[in-house]
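Geometric and topological summary
Here's the letter readout for the chains.
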Amino acid sequence: MKIRTRFAPSPTGFLHIGGARTALFNWLFARKHKGTFVLRIEDTDEVRSTEDSVQAILDSIRWLGLNWDEGPKDSRLSEGPYGPYFQMQRLDIYKKFLDQLMRDAKAYRCYCSKEELDEMRRLAALEKRPPRYDGRCRNLTDHQKKEYEAAGKKYSIRFKMPDSGTTTVDDLIRGKVSFENNLLQDFVIVKTSGVPTYNFACVIDDHLMEISHVIRGDEHLSNTPSQLRLYEALGWTPPAFAHLSMILGPDGAKLSKRHGATSVLEYKNEGFIPGALRNYLALLGWATKNSQDLFSYEELISSFDIEGCQKNPATFDNAKLTWMNGEYIRKMPISELVEAAKPFLDEAGIRPSSGLTSLEAAISLEHQKYKKLTEIPALISFFYQPLEISPVAREKSLSAPEVPSILGDLSSLFETMSSFKEKEIEASVRQYAQQKGFKAGQVFHPLRAAVSGRTDGPTLFLMLEVMGRDEVIKRLKESSRLLAAGPA
RNA sequence: GGCGCGUUCGUCUAGCGGCCCAGGACGCUGCCCUCUCAAGGCAGAGACCACGGGUUCAAAUCCCGUACGCGCCA
């Protein structure tokens with residue numbers, strides 16, 4: 001069988017972590033089986049859907065690297081053999097199947113007003129009955145219908161659910177889950193506006209687009225029996241279903257805005273890289289037999305399977321994501337890292353002019369230290385800014401009485417060196433310390449602080465080499481001047 | 001309220017009747033390395049497998065309840 005999966009977001013906001021995870025699983029499954037990954041925009045919520053949201057969602061999915069084979073090209077146009085992929089552009093298609101259901105008497109017009117329905121619900125709550133539609137419009141006489149029509153009453157279309165028996169969802173993750181039909185109500189398939197509801201449009205599209213596997217969030221499991229009845233009424237074979245567990249925030253509630261960042265683009269802006277987010281998200285609700293954590297791009301695709309999917313909800317853990325991001329950054333080739341860091345450097349105003357240390361050199365000095373791209377500017381900024389000695393550096397590393405003479409000696413020493421390479425610098429400085437009877441640290445620490453203004457930083461001698469002799473000497477002199485001038 | 005789903009270290013999870021007085025990863029703690037901060041290496045703390053009953057020679061693993069959490073229906 002040809003594997004076709006889909007991700008079908010509603011464009012009513014940004015792409016959230018939960019949605020991204022659903023998209024990822026569909027993408028992984030399709031890629032693993034050499035199938036097709038379809039992106040469909042479910043924009044039938046006329047009030048809340050926006051083009052900006054569509055754009056944001058497309059941007060997010062692209063950034064994550066989940067390339068789709070069929071679907072939108074931009075926020076209005078789509079391409080692929082089963083298009084269009086925007087539901088609002090498919091209304092005539094839904095109409096056709098609605099007519100079929102009406103003809104077969106499997107759906108009917110419901111003239112109940114919002115007030116009537118509210119009242120129905122209120123009564124049900126009062127009598128502690130489930131708040132379901134009582135089916136009062138199901139068997140209206142022709143006379144009643146005419147009367148309502150004449151009165152110009154608005155109507156929605158409801159689907160006739162069987163009122164006995166059970167409907168069983170055979171879920172790839174949860175196994176067989178049964179629902180009593182008499183507990184399912186005659187749900188609305190077309191709203192009074194004439195626009196189909198989620199359950200209706202979704203079924204038609206999944207069938208017409210020949211989706212083989214519907215992989216979606218757990219919150220849709222309860223909708224599935226209703227959809228199954230629709231497939232049956234239309235004479236179609238339903239796809240396979242797999243319902244993914246939810247993603248929770250640290251407090252155990254469904255992940256939402258109040259837990260902090262939840263939109264994929266926010267993660268991008270916080271300095272996470274797509275591969276790491278993909279890898280981490282894959283592990284939320286899925287695992288291999290040996291609990292592997294880090295996967296290469298290809299490995300993730302080949303290892304993925306539905307059996308490894310978890311039934312219980314997973315809590316999003318920023319700490320592990322951050323660790324993983326660091327792992328990915330460490331594995332990145334330096335040129336790629338520099339490219340990825342550029343937007344963050346720009347934002348911090350770091351744009352090295354010629355003559356100064358190259359970004360590649362500066363960034364690679366601390367390559368194993370970055371956990372997020374956002375950390376890069378602060379760690380390399382001292383290369384590109386006028387020397388500024390931090391209070392900690394001044395107190396911890398530069399307060400000893402011998403410091404001024406050491407700094408003076410070192411700058412003379414550096415001037416006389418034949419070459420200014422890491423190994424030679426280290427040898428010379430060690431030799432100097434020994435001659436003067438200082439412990440290595442007594443010299444190293446002031447040197448670092450005087451040149452960078454900080455107590456932490458890259459490995460010392462390589463840093464000096466990278467910075468260059470002229471700049472190092474200039475800074476040693478500047479430090480001496482600042483120290484002589486006393487605390488700022 | 002009804003229905004549905006879930007419950008193994010703080011978190012993600014391995015486990016599908018004996019190999020488990022429960023393994024890995026993140027985080028945490030300590031040590032080593034070391035010019036600092038990281039990274040890395042090593043070690044450690046951390047789960048009476050939600051609770052209560054069964055079934056079985058044997059249960060985290062199978063069955064039944066209960067509790068709690070979450071979802072759907074409005």
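See above for the structure.
Criteria and cut-off values
- Residues numbered from 1 in each chain as written.
- Chains lettered and ligands numbered in written order.
- Predicted model: local features only at pLDDT ≥ 70, side-chain atom pairs only at ≥ 80, totals over all residues.
- Heavy atoms only, no water.
- Pairing = 2+ DSSP bridges.
- Helix = DSSP H or I, 4+ residues; strand = E, 2+ residues; numbered from the N terminus.
- Axes fitted to C-alpha atoms, helices over the stretch in contact; angles between N-to-C directions.
- Contact = heavy atoms within 4.5 Å.
- Salt bridge = Lys/Arg side-chain N within 4 Å of Asp/Glu carboxyl O.
- Buried < 20%, exposed > 50% of the residue type's maximum accessible area, 1.4 Å probe, protein only.
- Right-handed = clockwise from strand over helix to strand, strands pointing away.
- Expected span 1.5 Å × (residues − 1).
- Bend = angle between axes of the 7 residues up to and from the residue.

1. Re the sheet that holds strand S5 (residues 107-110)
- Judged by pairing direction, the sheet is antiparallel, and its 3 strands sit side by side in the order S5-S6-S9 without closing on themselves. The open sheet is flanked by S5 and strand S9 (188-190), the only strands paired with a single partner. Strand-to-strand twist across the sheet, computed as the mean angle between neighbouring axes with direction ignored, equals 45°.
- Two elements, S5 and strand S6 (residues 156-159), share 4 bridges in a ladder whose sense is antiparallel. When the sheet's bridge partners are listed, Tyr-108 is paired in S6 with Arg-158.
- Packed on one face of the sheet, helix H3 (residues 91-103) meets S5, S6 and S9 and runs near 95° to S5.

2. Points about the pattern of salt bridges
- Overall, the coordinates contain 29 salt bridges when judged by the stated rule.
- Residue Arg-76 is joined to Glu-51 by a salt bridge in which the shortest nitrogen-to-oxygen separation is 3.4 Å. Here Arg-76 is found in the loop between strand S3 (71-72) and strand S4 (78-79), whereas its partner Glu-51 is found in helix H2 (residues 51-64), with 25 residues between them in sequence.
- Residue Arg-76 is classed as exposed on the basis of its relative accessible area, which comes to 53%.
- Assessed through its relative accessible area of 38%, Glu-51 is described here as partly exposed.
- With a shortest N-O distance of 3.1 Å, Glu-478 and Arg-481 are connected by a salt bridge. Remark: Arg-481 and Glu-478 occur in helix H20 (residues 469-484); sequence separation between them is 3 residues, near one turn of the helix.

3. Some words on the pairing of strand S10 (residues 213-217)
- Of all 5 residues in S10, 5 are buried, a share of seventy percent or more.
- Both S10 and strand S11 (residues 240-244) contribute to a ladder of 5 bridges, which runs parallel. Looking across to S11, one finds that His-213 is bridged to Ala-240.
- At this point the chain moves from S10, through helix H7 (residues 224-233), to the parallel S11, and the crossover so formed is right-handed.

4. Quick notes on unusual backbone geometry
- You will see that Ala-105, though not glycine, has its phi angle at about 60°, which is positive.
- Along the chain, the position of Ala-105 falls in the loop between H3 and S5.
- Of note in the backbone geometry, Ser-291 takes a positive phi value of approximately 55° without being a glycine.
- Mapped onto the secondary structure, Ser-291 falls in the loop between helix H9 (274-282) and helix H10 (297-303).

5. Some words on helix H12 (residues 334-347)
- For H12, with 14 residues, the first-to-last C-alpha span of 20 Å sits near the 20 Å given by 1.5 Å per residue.
- The principal kink in H12, of about 45°, is found at Ala-341, preceding the proline Pro-343 by one to four residues.
- Of the positions making up H12, those classed as buried are Leu-337, Val-338, Ala-341, Phe-344 and Leu-345.
- Contact partners of the buried residues in H12: helix H8 (264-269), helix H11 (318-331), helix H13 (359-365) and helix H14 (376-380).

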